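So you can see what is in the structure, the chains are spelled out below.
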Amino acid sequence: MTEITAPKSPVTAEQFADEIREQLKYAQGVTVEQATAADVYVAAAKAVRNHLQDAWFTTQADTVNGNTKAVGYLSAEFLMGKQLENALLNAGLTDQFDAAVEALGFQPKDIVDAEYEPGLGNGGLGRLAACFIDSLASLGVPAFGYGIQYRYGIFKQQFDENGKQVETPDYWLSNEEPWGHIDYNRDQKVSFGGEVVEENGKKVWKPAWSVRAVPVDYLVPGYKSQRVNTLRLWTARSYDEFDLLAFNRSEYMEAVEPKVKAENISKILYPEDSTKVGKELRLEQQYFFVSASLHDAIRVFYPGQDKPDLTTFPDKITFQLNDTHPVIGIPELMRILIDEYGYDWDTAWTITQKTFNYTCHTLLPEALEVWPSSLIGELLPRHLEIIEKISDQFKAELKDKGVAENTINDMAIYTGDAVRMAYLATYGGSHVNGVAELHSQLLKDVTLKNFSDAYPDKFTNVTNGVTPRRFIKLANPALSDLITEGLGTDKWLSDLELLQGLAPLAQDDEFVKKFAAVKQANKHSFVGFAKDHYGIDIDENTMFNTMVKRLHEYKRQSLKILAVISRYAGIKNGTINADDVLPRTVFFGAKAAPGYYLAKMTIQLINNVSRVVNNDPDVKGKLAVHMLPNYNIEMAQNLIPATELDEQISQAGKEASGTGNMKFALNGALTVGTLDGANVEIRERVGAENFFLFGMNVDEVESLYATGYDPAKYYEADPRLKQAIDLVAGGTFSEGDRNAYAPLVADWLTKDWFMTLADFSSYANIQAQIEELYTHPLDWNRKAILNVANSGFFSSDRSIEDYLERIWHTGPLA
Ligand code: 26M
């Protein structure tokens, strides 16, 4: 762990208020009297950004001139969340800001809330990238995040009167965005299409069209590190403002077509998560940001050099491929080295392989990207040739290693019809990692088994983590204060294993009561938040039970809603004595990919269960269900600290890691979960007695598949399950319409690919244990404290330390 010094207080509150006034006057052009909260937000953002500027310059200079290899994190998604509070915290300006805006006649919270959350990611993968760049800066490691500044982020989710998801565009740039520096003078040209010709025995790519990649730089301040790294997001611009020939033919609309086509590339984030879409525009996006980023890195590290010695490139920067989305970077670097800088193939290959590493974030075979060769050939003809040659070289290498012919064929990068990006990434880089112990093991044993047999040393694990700055300090200030009080220091914010010092306090009843009071206060705050944002009334004296994540069959929101329905039915028909029922409020939050039929139907079902249950006087005070719209980082920061019971109930062997699970444990929720992803490690660390485990493990799932899985058997065997499914099928949640959920019901009874029904009984049974414990608040909270105390491992700082040691082989700037 690097020594971290406390920041000096650079300004007084009065000075900071003056800086805000100055921004209002000269940048916004409004008087203090005219200023709204939105104006003050923009002014404060610019003021705090100014404070980071010198540290940003110094960090850039040290990155280029020092001898510490930098990290390039290539990611199609960075789900940053709101920036102001985080920037203030890391700049050490929080107190000055609070006092300054009060002096200007505003509430700090209103100013912070005025920021519009950028949604440049889908879920876990994008948020992980955001946590990682925070940790890199906090550890003082020189790093660049490289991605796309989409004009439209993840869609905003609403529900219609039938409870169906409705997606609306997220035009996050419609108001002034004060954080990004657009830098037209450090643009890159990215080309597409055309053909490859031979000139003087050399392959020459003659592209058909090009776009201008313009960087927008975001400052990434480290917490107490005095370092500010760069997040460089590319926006696509046209070189031809309009087509003069078309214009002269008076085809006015056609004249702007090239501009439209070019600017389309960075227009929208694909809202799929864990499915490949195989769309041309998606490949254009991937190549666009990767090509621009690689050229940018060469520009940065070899300034003004026409003939740089790029054999040193892997000593300057190591690139992490965040899933397969940036993997086209491997043939692109080959092309740059060979075609643009004249290196021979073998030298180029050595450089390329040393430069890249690949993180896999899935186990679902359908999520591993495979691109049709025809598409790559049309869009990137030179790259397809290079990929074919890499594929041939790979085959020859495997043959030399004595790998069997049919295995070699199974491992093909290029199949003739298609290119398998995960295989290209595995061969084309130095290391491959999974994101939790179980996941990395399954990658080696199943998904990439042949590769792991051939290259055992390439494979490693780095368990995910989350930044404690955003997800404890900012999200849960009350708990943060209590932790600091309990430990006698706030150093835990940059050394999260210090939380272990809280473990003895789980036996101190006074501390446990304080901890319980913090949770209650957070519940109270969330009640207010929910009233403000969703107009709903929540009883804070019920157990807050939460399941928030993308909607996917493997995550099994179905299991949760079926258990809720079963509980509802039980109370209604008296099989459960209403007096014995522990009052619960169940929160769901989940976006479904717009084309994912069963996922959207599940959302509709949850909304309608919510409507029926919340309006039924028979269960009033016992059970309430809320499907909160538009789950995003802001909601996570408000809901996680208020949650008492967290659901991590994916089918074993399907969730690569999960990171929500870590955020909940660190905020003192108990988890009900399966042995999947990082749940396994969370349970090991917090102790089996402090985790509600249920369901089949990976081996049991496998053997059930092998012997033939028949979900109907489970439906017949557990009357609670049968009753729940019958209510859905019978129209209870569709005003009598028996067809409304027929596809969902049919899927449960005949396919149930993720074995929801098989795990139902075990899940329903563990509820008794959960509720028993909850009736003993001191015992419950002792366990919750032990979850906090033993989850320090799940800091993204630790993840980054693991990457540094196992993969990147670099460290902090001197
Ligand atoms: C692919 C093609 C086209 C459009 C979108 C995609 C795509 C986008 C995001 C595919 C997958 C995407 O994300 C996968 C993901 O979020 N995986 C999650 O990664 C987390 C961080 O490692 C893990 O904690 C989760 O378990 C894993 O599901």
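In the nomenclature of an unreviewed UniProt entry, the protein is known as Alpha-1,4 glucan phosphorylase of Bifidobacterium parmae. Among the UniProt annotations of the protein, the heading Sequence similarities (unreviewed entry) holds the following wording: "Belongs to the glycogen phosphorylase family." Quoted verbatim from the Cofactor (unreviewed entry) field of UniProt, the annotation for the protein is "pyridoxal 5'-phosphate".

**Some details on the site of the ligand**
The environment of the ligand is made up of 23 residues, and the closest members are His361, Asn464, Glu655, Ser657 and Gly658. Taking Ala656, its main chain carries an N or O atom lying 3.4 Å from an oxygen atom of the ligand. Taken atom by atom, the bulk of the ligand overlaps the largest cavity. For the shell around the ligand, the per-class residue count stands at 7 nonpolar, 9 polar and 7 charged.

**Some points on the domain arrangement of the protein**
Taken domain by domain, the protein comprises domain 1 (1–67 + 85–116), domain 2 (68–81 + 121–189 + 212–236 + 260–369 + 421–461) and domain 3 (468–799). Here domain 2 and domain 3 have C-alpha centroids that lie 31 Å from each other. At the junction of the two partners, domain 2 supplies 39 residues and domain 3 supplies 42 residues. Buried surface at the junction of domain 2 and domain 3, summed over both partners, amounts to about 3200 Å²; 59% is from carbon and sulfur atoms. Among the residues domain 2 hides against domain 3, the three largest losses belong to Gln157, Phe159 and Tyr223. Together they make up 18% of the total. Summed over the shared surface of domain 2 and domain 3, the number is 3 salt bridges. Ionic pairing is found between Glu167 and Lys600, a salt bridge with its closest N-O pair at 2.7 Å. Across the domain 2-domain 3 interface, the total number found is 15 residue pairs in polar contact (both at pLDDT 80 or more).

**Let's talk about the layout of surface pockets**
Of the voids in this model, the largest pocket is the one considered here, and its volume is about 1200 Å³. Lining the largest pocket are 46 residues, and of these Glu85, Lys473, Leu474, Ala475 and Pro477 lie nearest its centre. Broken down by element, the lining of the largest pocket gets its largest block of residues, 7 residues, from helix α22 (residues 509–534).

**So, the pairing of strand β3 (residues 156–159)**
The pairing of β3 with strand β4 (residues 165–168) spans 4 bridges and is classified as antiparallel. Looking at the pairing, Gln158 lines up with Val166 of β4. The antiparallel hairpin formed by β3 and β4 contains 5 residues in its connecting segment, where Gly163 sits at a positive phi of about 85 degrees.

Cut-offs used in this document
- Residues numbered from 1 in each chain as written.
- Predicted model: local features only at pLDDT ≥ 70, side-chain atom pairs only at ≥ 80, totals over all residues.
- Heavy atoms only, no water.
- UniProt positions renumbered as here; feature names shortened; annotations may be inferred.
- Near = heavy atom within 4 Å.
- Polar contact = N/O pair within 3.5 Å; in protein donor to acceptor, adjacent residues only side chain to side chain.
- 1 Å grid on protein atoms, 1.4 Å probe; cavity = no way out; pocket = protein on both sides within 12 Å on 5 of 7 lines; lining within 4 Å.
- Sits in = over half its atoms within 2 Å of the grid points.
- Nonpolar A, V, L, I, M, F, W, Y, C, P; charged D, E, K, R; others polar.
- Domains from an automatic or database assignment.
- Contact = heavy atoms within 4.5 Å.
- Buried area = accessible area lost by both parts, 1.4 Å probe.
- Salt bridge = Lys/Arg side-chain N within 4 Å of Asp/Glu carboxyl O.
- Points joined across faces, edges and corners; volume = space filled by probe spheres on them.
- Helix = DSSP H or I, 4+ residues; strand = E, 2+ residues; numbered from the N terminus.
- Pairing = 2+ DSSP bridges.

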